[in-house]
Amino acid sequence: IKMNIEGAEIEALKGAQQTLENNHLSLAIEAHHEVNGEATYKSIIPMLNGAQFDVFLGPGGVVYAQKTV
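Residues numbered from 1 in each chain as written. Predicted model: local features only at pLDDT ≥ 70, side-chain atom pairs only at ≥ 80, totals over all residues. Heavy atoms only, no water.

We now examine the packing of aromatic side chains. Summed over the entire model, instances satisfying the criterion amount to one aromatic pair. Taking the centre distance of 6.3 Å and the plane angle of 25 degrees together, the rings of phenylalanine 56 and tyrosine 64 count as stacked. Its relative accessible area of 52% is what places phenylalanine 56 among the exposed residues. (Phe/Tyr/Trp six-rings, centres within 6.5 Å; stacked < 30°, edge-to-face > 60°. Buried < 20%, exposed > 50% of the residue type's maximum accessible area, 1.4 Å probe, protein only.)

Below, the structure written as structure tokens:
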């Protein structure tokens with residue numbers, strides 16, 4: 001899944017919680033946008049770690065993740 005929705009990535013991932021938990025996925029998420037003065041990757045990375053993803057923060061604030069289980 002590739003995602004770049006201008007700061008709404010956190011809400012989209014919350015809405016996709018069952019999909020994230022129940023499928024083996026690879027993700028590329030533009031997470032450099034700011035929400036409440038903080039880059040979205042700071043919320044996205046722990047969220048994905050909690051859903052059993054291996055997560056890598058790439059250049060420019062792109063979060064890459066792959067399901068580990």
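Taken together, the four strands give an open sheet; going across it, the order is β1-β2-β6-β5, and neighbouring strands pair in mixed fashion. Edge positions in the sheet fall to β1 (2-3) and β5 (53-57), since each of these pairs with one other strand and no more. In the sheet, β1 pairs with strand β2 (residues 26-30) via two bridges, with the strands oriented parallel. Looking across to β2, one finds that methionine 3 is bridged to isoleucine 29. Those strands touched by helix α3 (residues 41-50) are β2, β5 and β6 (62-67), and its axis lies near 155 degrees from that of β5. (Pairing = 2+ DSSP bridges. Helix = DSSP H or I, 4+ residues; strand = E, 2+ residues; numbered from the N terminus. Contact = heavy atoms within 4.5 Å. Axes fitted to C-alpha atoms, helices over the stretch in contact; angles between N-to-C directions.)

The subject of this paragraph is unusual backbone geometry. For glutamate 6, which is not glycine, the phi dihedral falls at a positive 50 degrees. Here glutamate 6 is to be found in the loop between β1 and α1 (9-15). Glutamate 6 gets classed as exposed once you look at its relative accessible area, which sits at 60%. The phi angle at glutamine 52 is positive, at roughly 70 degrees, despite the residue not being glycine. Counting through the fold element by element, glutamine 52 comes out in the loop between α3 and β5.

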